[in-house]
Amino acid sequence: MAPTTFEPIYSELFPFWQEIPEHDRAYLCAHSVSLAYPKGATLHDGQECSGVILVSAGCLRVSILSDEGKNITLYRLHPGDMCMLSASCVLQTITFDIFVDAEEDSQCCIISGPAYAAVSERNPCVKIFTLETAVSRFSDVMWVMQQILFMSMDKRLAIFLSDEISRTGNDTVALTHEQIARYMGSAREVVSRMLKYFAGEGIVQVSRKGVKVLDKGRLRKLAL
């Protein structure tokens, strides 16, 4: 993809774009690539500075891995979202490893970490935007940790299902029990038992197509 192709994308996405010099805008575009990733592909494995990842299409999953091997979803990235935590050379204070995988077939723009870091050092507005974006994501991470540490399983599952139907606009959450458990940082057996309980209460209907929410009102009450 030609560097000029990135200009309209970054102009819309970055609030600082018109504030930085033209040569810095050209520099970022010249050090960008557009890559396609099939479902299940790994974009970042926590080891290297993979750069700043911007999602053009599809969905990415950002997660951490515990010492016991439990994979916990921190958040998901959709078109228009970006991942700063994959650029450890930009945010050098990050001391934990994250993993980024393609949850769906995805198209991404990736800006070289060193190139972005260099422009950030020359332009305070870029550094401020970077820190604000990272802080916003850390807020998402803390919300996940709060759920895992302090909330009951029925409330966590109710929150997850409510968020999913709100995000997709569909009453059916088209995910397997294994996928739901992975997103919630729990075990499949625990999720299956809780879904069985929800189904017995008439809140959801479980089938091969996924989990259909039958009673949104009761689900919301459980999520409160």
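Analysis parameters
Residues numbered from 1 in each chain as written. Predicted model: local features only at pLDDT ≥ 70, side-chain atom pairs only at ≥ 80, totals over all residues. Heavy atoms only, no water. Salt bridge = Lys/Arg side-chain N within 4 Å of Asp/Glu carboxyl O. Helix = DSSP H or I, 4+ residues; strand = E, 2+ residues; numbered from the N terminus. Pairing = 2+ DSSP bridges. Axes fitted to C-alpha atoms, helices over the stretch in contact; angles between N-to-C directions.

Observations regarding the pattern of salt bridges
Two side chains of opposite charge can pair, provided their charged atoms sit close to one another.
Item 1. Using the criterion set out here, one finds 12 salt bridges in the structure.
Item 2. Arg137 serves as the salt-bridge partner of Asp140, at 3.0 Å between the closest nitrogen and oxygen. In this pair, Asp140 and Arg137 both sit in helix 4 (residues 124-150), 3 residues apart, roughly one turn of the helix.
Item 3. Glu201 serves as the salt-bridge partner of Arg218, at 3.1 Å between the closest nitrogen and oxygen. With Arg218 in helix 8 (residues 216-223) and Glu201 in the loop between helix 7 (188-200) and strand 10 (204-207), this residue pair connects regions lying 17 residues apart in the sequence.

Side note on the sheet that holds strand 5 (residues 71-77)
Item 1. Taking strand neighbours across the sheet as the criterion, the 4 strands line up as 2-7-4-5 in an open arrangement whose pairing is antiparallel. The open sheet has two edge strands, strand 2 (42-44) and strand 5, and neither has a second partner. This sheet shows a mean twist of 30° between the axes of neighbouring strands, independent of strand direction.
Item 2. By the bridge criterion, 2 bridges tie strand 2 to strand 7 (residues 99-102) in an arrangement that is antiparallel.

Re the sheet that holds strand 3 (residues 52-57)
Item 1. Read from one edge to the other, the open sheet built from 4 strands follows the order 1-8-3-6, with strand pairing classed as antiparallel. The open sheet has two free edges, formed respectively by strand 1 (32-37) and strand 6 (82-83), since each of these has just one partner strand.
Item 2. By the bridge criterion, 6 bridges tie strand 1 to strand 8 (residues 106-111) in an arrangement that is antiparallel. Looking at strand 8, one finds that Leu35 is bridged to Cys108.

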